[in-house]
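# Residue-level structure breakdown
Here is what each chain is made of, one letter per residue.
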Amino acid sequence: MIKLYLAHNFNIRKQIRKWELKMEGKYNIILDNPFYDHDRNDIKSLDKLEDDSPEQVQYFKERNTLTMVDSIVEGDLELIRKADGLVTRIKSPSIGTSMEIFFASRILRIPVYIITKAKLANHPWIKKHSTVTFNSMADFENFVEKNWGRKR
């Protein structure tokens, strides 16, 4: 079964989690979600806070010590190293996701599948570092079914 690191912006994590679970239940694929599939002891606390609320902003200020930041970044890079490829849904560019795409494509040379709107898909950096670009999650789902099949 193929294992893809699931890179995505923090602000769409809940939407992506629902899609991830649907995909894993239906197809022969593991989507390795760094927010939910690993021991990140802060995600439950973060999910209780409203996104972009003053409480969440304060939480990030207190949490983002050098030790915690190092743990998050190095942990994500290790998960990408263990994956067969990377898939990402880009609604708006994010620094972390962009770095993960670059690392997977340029350093590890593993497949990178990018789901994004046409405007972003034509960006030179996306074109250079994407193995395949999809206009929708449904297009990616069709690709997964064709290449790795449905669960029986």
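Quick caveat, the model's predicted, so the values are computed rather than measured.

As a further point, take helix α5 (residues 95-108). An α-helical turn contains 3.6 residues, so a residue and the one three or four places further along point in the same direction. The terminal C-alpha atoms of α5 lie 19 Å apart, and with 14 residues this matches the ideal 20 Å at 1.5 Å per residue to within 8%. Residues of α5 that are buried include every one of T97, E100, I101, F103, A104 and S105, and no others. Trailing α5 by a residue or two, R109 shows a phi angle of about 60°, which is positive.

Another point: the sheet that holds strand β1 (residues 2-8). The parallel open sheet is built from five strands, whose spatial order is β2-β1-β3-β4-β5. At either margin of the open sheet sits one strand with a lone partner, and together these are β2 (29-32) and β5 (132-134). Strand-to-strand twist across the sheet, computed as the mean angle between neighbouring axes with direction ignored, equals 25°. Bridge analysis of β1 against β2 gives four bridges, and the strand direction is parallel. What sits directly across from K3, in β2, is I30. Lying on the sheet, α5 is in contact with β1, β3 (85-90) and β4 (112-116); it crosses β3 at an angle near 155°. Running at roughly 150° to β4, helix α8 (residues 137-148) makes contact with β1, β2, β3, β4 and β5 of the sheet.

Our focus in this paragraph is a nonpolar patch on the surface. Together, F102, I107 and W125 make up a nonpolar patch on the protein surface, roughly 330 Å² of accessible area in all. Looking at where F102 falls in the secondary structure, it is placed in helix α5. With a relative accessible area of 32%, F102 lands in the partly exposed category.

Attention now moves to the nonpolar core. Counting 18 residues, the largest nonpolar core has L4, W19, I29, L31, V87 and F140 as its most contacted members. Breaking this core down by element, the ones donating at least two residues are β1, α1 (13-26), β2, β4 and α8. Core analysis: the second largest hydrophobic core is formed by 16 residues, L79, I101, I110 and L120 among them.

Moving on, we come to the confidence of the model for the chain. Model confidence for the chain is summarised by a mean pLDDT of 89, while 97% of its residues fall at 70 or above. Averaged pLDDT values for the elements of the chain fall to 72 in helix α2 (residues 43-48) and rise to 98 in β2.

Turning our attention to the pattern of salt bridges. For the coordinates displayed, the defined rule picks out seven salt bridges. With a closest N to O distance of 3.0 Å, R17 and E20 form a salt bridge. Of this pair, R17 and E20 both sit in helix α1, three residues apart, which is roughly one turn of that helix. Assessed through its relative accessible area of 21%, R17 is described here as partly exposed. Each of R17, E20 and D37 takes part in salt bridges that share partners, so that together they form one network.

Rules and cut-offs
Residues numbered from 1 in each chain as written. Predicted model: local features only at pLDDT ≥ 70, side-chain atom pairs only at ≥ 80, totals over all residues. Heavy atoms only, no water. Helix = DSSP H or I, 4+ residues; strand = E, 2+ residues; numbered from the N terminus. Expected span 1.5 Å × (residues − 1). Buried < 20%, exposed > 50% of the residue type's maximum accessible area, 1.4 Å probe, protein only. Pairing = 2+ DSSP bridges. Axes fitted to C-alpha atoms, helices over the stretch in contact; angles between N-to-C directions. Contact = heavy atoms within 4.5 Å. Patch = residues over 30% accessible without salt bridge, like charges linked within 9 Å, V, L, I, M, F, W, Y side chains within 5 Å. Areas by Shrake-Rupley, 256 points an atom, 1.4 Å probe, with all protein chains shown as cover. Salt bridge = Lys/Arg side-chain N within 4 Å of Asp/Glu carboxyl O. Core = buried A, V, L, I, M, F, W, Y, C linked by side-chain atoms within 4.5 Å. pLDDT = per-residue confidence, 0-100.

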